[in-house]
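So the chains spell out like this:
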Amino acid sequence: MKYINTMSILLTITMCSLLRVLSCAKDCALLHSLDEQKEGNIKNPLDRYVTFHIFENEECSVNTTFVYSVLSSTHEQDINNTGTINSSNLTIALKFLCSKTQIHFMPFNSSIVNITRKWNIALILDKCSVALEEVNVILVFGRIIMLQVFENPKIFEMDTKCMYASDLQALRIQNTCDEKKMNVKKMLFWDSCSQTFSSTIILSLSICLDMNTTALQERFPNLYTLVLCNVSIRGALYFPFNRNHTKTEMKDKEIMNILKLFFDFLQKPYPFYYLFPETSLILLNCKINQNLLHLSGRGDEIHMTNMAIEFMKPVLFRDIVVTTTLDLSYNNLESVDENLFQNQPLLKYLHLQNNKLTVLPQNIFKGLRSILTIDVSHNFITSIHIDPFQSLPHIQEIYLNNNLIEYLPVNIFKNLTNSLTALYLNSNPLKDIPVWPFYATFLNVYHICNAKLTGQSIIRLLDHLKKINIVEKEVETQLALPIKSQAPPPEVLLHNNEIKTIPSVDMTELRLDKLLTLLSHFTLYFNRNPLTCNCDTYAIRRLYESAYETSQIRLARLSLNTFQCEQPSELRGRLMWNITEREKYCAVTLKDCPQKCDCFQRKTKDTIVVDCRGRSLVEMPQLLPSYKLELWFENSNISKVSSYSYLENVTLLNLANNHIKQISASVINKLSIARIVYLHSNNLTYLPIQLQSLQLTKVTLSNNPFVCDCTMRWMKTWLLNDEDYIADWINVQCLDKSNNIRQFIAVPDSHFVCMANNISFVEHVFLPSIIIGSVVFVLLVLSLIIYVFRFNVKVLLFVFFNIHPFDKKKQKEETNFYDTVVIYVQEDKKFVEVIINHLRKRRYEIGDLYRHSFVGYTWIENIEKLIACSKSVILCMPVDSINDKIIQAAWNIAYDRCITSSINSLILITDKTIQKQKHLDGSLRLFVRSINCVDRHARLLLEKIDYLVASLTPNNGNTEANTEEQCIDIDSKRILVSYPDELHLYVKNKLMSFLSGRKLTMKVLDMLFTVGTDKREELPDILEAADFVIFIVNDEILNDEILLYILTEILTKSQLENYNYLLLCTSGQICIENMPKDLLKYVENYVTISTNDIKFEDRILESITQIKQLKEKREIHDAEIIPLL
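Residues numbered from 1 in each chain as written. Predicted model: local features only at pLDDT ≥ 70, side-chain atom pairs only at ≥ 80, totals over all residues. Heavy atoms only, no water.

I'd love a proper account of the overall build of the protein chain, names of residues and values included.
From N to C terminus, the protein chain includes 27 helices and 42 strands. Residues classed as buried in the protein chain amount to 51% of the 1125 residues present. At a minimum sequence separation of 6, the contacts of the protein chain that also span at least 24 residues come to 64%. Approximately 55000 Å² of the protein chain is accessible, and the part contributed by carbon and sulfur atoms is 52%. (Helix = DSSP H or I, 4+ residues; strand = E, 2+ residues; numbered from the N terminus. Buried < 20%, exposed > 50% of the residue type's maximum accessible area, 1.4 Å probe, protein only. Contact = heavy atoms within 4.5 Å. Areas by Shrake-Rupley, 256 points an atom, 1.4 Å probe, with all protein chains shown as cover.)

Structure (structure tokens):
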């Protein structure tokens, strides 16, 4: 009866599918390939991997009859190759690869092909949209034991019967998160099925979706392995799903085969699945509430990786025993409770890498009695003070690399000598090497690269190392191996540390013996360290000799061959133990050693090496130590070789790769004891013939533009006769008379000629005329130069002879307070201070915009007042300040004045590049061409300014400013002051006393209000009765609403007056962000003053009276010189 029901259902499905497919006229073009991706894993029970490629972009139908015929033909091939095969035991992966195409499965046509065999089918749908009820058509081929759905655009026409559910053992769905889908929940097609997936033991979902795992457990009640990726888990998750599983049940061959098959498919996307776990929970990039995760019973693997977990519940793994792997890597764990792993006696692999751990608690691994591998790499662990691995008797591999560990206990790893095989400490700032791993019987790799180890680290290691323990370890290792086999020496990787050498001064015979023992039993790799071989290599050399003397060279050679020189460059790649004494030189400090160079002393002779290679020297040093010298001047910018006395002491001269054009005979004559000379790669055209007389043993001359003429004929013979010590004689070239570059020794002797120097009678006749013409020409050129640089000539005449020709002009009689006023931006202050100091030393009265402006007036009003009271204006206008409002205003005012009075009244200091600026004012562009525009980078800058200022009649010191014409004179009646509490004593004892001594009355604003009344009512009358208001502001006042209101009213009134009614002052540092907008605008446009100003009282008085006291100014003139910072 069951068989009849099944057949009737299949017939119904077939009829429905037929009706649907008949409406789709187009068939899919199928291109198949065999075993294209079949894994080479011998444990994989997969027999065939058949892929059908569908290239249509439109809806089409798959001919299942054709698919069956292809599978049958492959089966026939297997029978021919291997003999009789039971088809029911064969497992075939059937893959349909689409281009996001909607496909239909056509009903099987038994009239064309008879069904003679059936298989176990692993159905794979890659980028195919499919009607799931049509998948039942594949049941004609046999059982569907696995279904994999990859990046399907959509699943339509949900299947309620799901006949394949009874045999489906593994289900895998994978979709990318960035792909837009019409209804992503349709991917969970099992919700529409009427029956449960009771045979499914593996479920893998990689899909961005919120999922209720409670419903999942109801649909898949017998899951062994659950893999979730990019899933947000809602509701409680219990693992394992079926707690009635026993190890006997898990040994079922069919279940083991499907596990092997499934995890073999996962090897490519997840390489760490190298085992075939039976009961596994794998969560990748998922979101889950740990309080809703319930783990109990027994499990093989638990992975919770890349989930941004910051904290693990201490009791999370309390009720479950994990037998193989626990992976918590790629999270944000900053600490781990030491009780987290206490109930895991069977755990073998623990992964905590790529977190943010800073410490390892002492007892964190205490309960892991079976652990084999612990990985805590790529964290932020800084130090380990107590050994956390001491209670792990079977640990084999420890990964501590890529942390910040600077310190490890001396006895760390002491209890691991019977089990440890690999230890990774690389990429930590360690300065010492733990000694106990060297005693480990089965150690294979000891990785401590990219640390901070030095030669002293090796010495400290030897002090802790015990030779007897190394020998005992070797004996135990050989006894543990099979007969007639020999273990290779363990590798100790010390790459990329800071080891320059092993200090000879610390290498005693005992330490040398220990180091030789170490190299005989281990292979130590010292490559890629900054090994320096020019001085201290005695310890390495002695080590090599001891290895030969004790017949241990065969074992130690591999380690010794890793001592390869990195420094200096001429010894790079050489073996340290192979460096001879005559090649060594050590750094010394000498009085006459050039500042840009390094000096060394040869080990075997009293010779000083002066190393100036690559130091960009433009000339040779004038003084060098009084010793025999080796001069290394290679790769510099030397263009001339001078005949210095120290050349007589030079034994080696390296001038290669410079710009030398000529070497004189006097230089060659001084090289009397030179034996090696390098002159290649210069610009030499000639060489003195004296060069061939030197007693040289080596010389280089190639890559120079020599000229083949009569003066160089000797060189060809020299090259041919002395080729033994002219290393590059065959590559020396020259330029012949036809301007062709030729090999020097290949130029015929007849071509080494010079042009005759015959002088005709005509030349003698016209020689005097030529001389006279030349003199006249020189005079004309000199006159032209003087005209072009006439301004500089005038300045020099003024500086040296106090002559001011032609330009000194008499100004009309005016009463000016200043000889000149300087206007600039604050960023240019240091530059301007130099100019002001210079002019004050010349006894000029100088006005400074920032020192002599009246408080309470705008910057523009102050500029007008200062210019009106001065004979001339110095305007400093760098290119980057052209658009500054103060500079623009000062230019317009000063330029108008110089037009009406004298062009000399304006001196502009700017950059040469100002004319290149776009949108430059026309009058400014014209003015920069005059002599009154001075380049701020000119050599005679101060002298030129002095000259231009002196072109006006100097101030005789007797005139006084006419303040009645230029300034507003107000009869001060009443001055109000408001200030913070912290300045009470200063205002009362100093400021009030100062002003009262000048017959000015000052009242405190806060004292004028009547107690108990509203200040806002009395404020207008109080302000109306005052002539000036001094208001001192700090951050405390800016936070006081009442005082801010008063200040706002004062600001409003001050802007209605035609004089500086408000004198705004600041105290301490004020945060501009706290200022109201109207106050901020006032500060930007009006002159204010700080109470820290050393002339605060004087400037307040001047701003009120607006009268400068010339007598007082004369008295402080010398004190006003600005100190240069």
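From this point, things continue past the structure.
Which residues make up a negative patch on the surface, and what values do they have?
A cluster of acidic side chains, namely Asp981, Glu982, Asp1006, Glu1036, Asp1040 and Glu1041, defines a negative patch on the protein surface. Tracing the chain through its elements places Asp981 in the loop between β38 (975-978) and α21 (984-996). (Patch = residues over 30% accessible without salt bridge, like charges linked within 9 Å, V, L, I, M, F, W, Y side chains within 5 Å. Salt bridge = Lys/Arg side-chain N within 4 Å of Asp/Glu carboxyl O. Lys, Arg positive; Asp, Glu negative; His and termini not counted. Charge placed at Lys NZ, Arg CZ, Asp CG, Glu CD.)

Now, about helix α17 (residues 885-900): what can you tell me, with residues and values included?
If you check α17, its first and last C-alpha atoms are 23 Å apart, about what 16 residues at 1.5 Å a residue would give, namely 22 Å. Every buried residue belonging to α17 is among Ile886, Ile887, Ala889, Ala890, Trp891, Ile893, Ala894, Tyr895, Arg897 and Cys898, and all of these are buried. For α17, the secondary structure elements touched by its buried residues are β33 (818-823), α16 (859-868), β35 (870-877), β36 (906-910) and α18 (922-927). For α17, the N-terminal capping position is held by Asp884, with its side-chain oxygen 3.0 Å away from the main-chain nitrogen of Ile886. (Expected span 1.5 Å × (residues − 1). Polar contact = N/O pair within 3.5 Å; in protein donor to acceptor, adjacent residues only side chain to side chain.)

I'd like a rundown of the packing of α16 against α17, residues and numbers included.
Angle between the axes and distance between the axes: these two values describe a pair of packed helices. Orientation of α16 relative to α17, taken along the N-to-C sense of each, is 30°, at an axis distance of 10 Å. One element, α16, and the other, α17, form an angle in the roughly parallel class. In the packing of α16 onto α17, the handedness of the crossing is right-handed. Residues Trp859, Ile860, Ile863, Glu864 and Ile867 of α16 form the contact with α17, whose participating residues are Ile886, Ala889, Ala890, Ile893, Ala894 and Arg897. Partitioning the contact of α16 with α17 into residue classes produces nine nonpolar, no polar and two charged. (Axes fitted to C-alpha atoms, helices over the stretch in contact; angles between N-to-C directions. Parallel < 35°, antiparallel > 145°, perpendicular 65-115°, else oblique. Left-handed = near helix turned anticlockwise from the far one by under 90°. Nonpolar A, V, L, I, M, F, W, Y, C, P; charged D, E, K, R; others polar.)

I'd like a rundown of the nonpolar core, residues and numbers included.
By size, the foremost hydrophobic cluster in this structure holds 157 residues, and its most contacted members are Phe96, Phe141, Met304, Phe317 and Phe438. Beyond its immediate chain neighbours, meaning those up to four positions away, Phe141 contacts Thr64, Val67, Tyr68, Leu71, Leu94, Phe108, Arg117, Lys118, Trp119 and Ile121. Judged by nonpolar contacts, the second largest core, of 53 residues, contains Tyr844, Leu849, Met877 and Leu908. (Core = buried A, V, L, I, M, F, W, Y, C linked by side-chain atoms within 4.5 Å.)

Can you explain the packing of aromatic side chains? Please cite residues and give values.
Aromatic ring pairs are described here by two measures, namely the spacing of the ring centres and the angle between the planes. Counting across every chain of the model gives 30 aromatic pairs. Both rings, one in Tyr1082 and one in Tyr1086, keep their centres 4.2 Å apart while their planes meet at 10°; by these two values the pair is stacked. An aromatic cluster is present here, built from Phe52, Phe66, Phe96 and Phe105 joined pairwise through their rings. In this arrangement the basic side chain of Arg936 is found over the ring face of Phe831, its NZ or CZ atom lying 4.1 Å from the centre. (Phe/Tyr/Trp six-rings, centres within 6.5 Å; stacked < 30°, edge-to-face > 60°. Lys NZ or Arg CZ within 6 Å of the ring centre and 35° of its normal.)

Go over the sheet that holds strand β25 (residues 607-611) with me, naming the residues and quoting the values.
One open sheet holds the seven strands; their spatial order is β23-β24-β25-β26-β27-β28-β29, and the pairing between them is mixed. With one partner strand each, in any of the chains shown, β23 (585-587) and β29 (698-700) form the two edges of the open sheet. Neighbour to neighbour, the strand axes of the sheet diverge by 20° on average, direction disregarded. In the sheet, strand β26 (residues 628-632) pairs with strand β27 (residues 650-654) via four bridges, with the strands oriented parallel. From the neighbouring strand, Glu630 faces β27, where its bridge partner is Leu652. (Pairing = 2+ DSSP bridges.)

How would you summarise the packing of helix α6 (residues 455-464) against helix α8 (residues 509-521) if you had to cite specific residues and measurements?
Following both chains from N to C, one finds α6 and α8 inclined at 90°, their axes separated by 9 Å at the closest point. When the axis of α6 is compared with that of α8, the two are roughly perpendicular. Seen from α6, the contacting residues are Ile459, Leu461, Leu462 and Asp463; seen from α8, they are Arg511, Lys514, Leu515 and Leu518. Its residues assigned to classes, the contact of α6 with α8 shows five nonpolar, no polar and three charged.

Would you mind going over the pattern of salt bridges in detail, with residue names and values included?
Taken as a whole, this structure holds 26 salt bridges when the rule is applied. Taking the shortest distance from any N to any O, the salt bridge between Lys95 and Asp126 comes out at 3.7 Å. One end of the pair, Lys95, is in strand β4 (residues 91-105); the other, Asp126, is in strand β5 (residues 119-131), and 31 residues separate them in sequence. Taking relative accessible area as the criterion, Asp126 reaches 9% and is therefore assigned buried. In this structure, the salt-bridge partner of Arg460 is Asp432, at a minimum N-O distance of 2.5 Å.

Can you tell me about the sheet that holds strand β31 (residues 733-735), naming the residues and giving the values?
With mixed pairing, the three strands of this open sheet are ordered in space as β30-β31-β32. If you trace the sheet from one side to the other, it starts and ends with β30 (706-707) and β32 (741-743), each paired once. Note that β30 and β31 share two bridges and pair parallel. Bridge pairing in β31 places Phe706 opposite Cys734.

Please set out the environment of Thr65 residue by residue, giving values where relevant.
Along the polypeptide, Thr65 turns up in helix α2 (residues 64-82). Owing to a relative accessible area of 6%, Thr65 belongs among the buried residues under this scheme. For the pair Thr65 and Ile115, spaced 50 residues apart in sequence, the C-alpha to C-alpha distance is 9.7 Å.

So what about the state of the cysteines? Which residues, and what values?
Evaluated as defined, the whole model comprises seven disulfides. The disulfide that involves Cys98 links it to Cys128, with 1.9 Å between the sulfurs. The sign of the S-S torsion, about 90°, decides the handedness of the disulfide formed by Cys98 and Cys128: right-handed. You can see Cys98 sitting in strand β4 and its partner Cys128 sitting in strand β5, a full 30 residues away along the chain. Take Cys98: its relative accessible area is 5%, and that puts it in the buried class. In this structure Cys128 comes out as buried when scored by relative accessible area, which is 0%. (Disulfide = S-S within 2.5 Å.)

Could you give an account of the environment of Phe442, naming the residues involved and the relevant values?
With respect to the helices and strands, the residue Phe442 is situated in the loop between β19 (422-424) and β20 (445-447). For the pair Phe442 and Gln396, spaced 46 residues apart in the sequence, the C-alpha separation amounts to 8.8 Å.

Could you give an account of the side chain of Asn1034, with specific residues and numbers?
Along the chain, Asn1034 falls in the loop between β40 (1028-1033) and α23 (1035-1038). Within the structure, Asn1034 has its side chain in polar contact with the backbone nitrogen of Glu1036 (distance 3.2 Å). From its side chain, Asn1034 meets the backbone nitrogen of Ile1037 in a polar contact 3.0 Å long. Among all residues touching Asn1034, those that are not within four sequence positions of it are Pro980, Glu982, Ser1067 and Ile1070.

Summarise unusual backbone geometry; cite the residues concerned and give the values.
A cis amide bond links Phe239 to the next residue, Pro240, at an omega of -5°. Mapped onto the secondary structure, Pro240 falls in the loop between β11 (237-239) and α4 (247-250). Put simply, Gln567 and Pro568 share a cis peptide bond, and its omega is -5°. Its place among the elements puts Pro568 in the loop between α10 (553-560) and β23. Not every positive phi belongs to a glycine, and Asn285 is a case in point at roughly 55°. With respect to the element layout, Asn285 can be found in the loop between β12 (280-284) and β13 (293-295).

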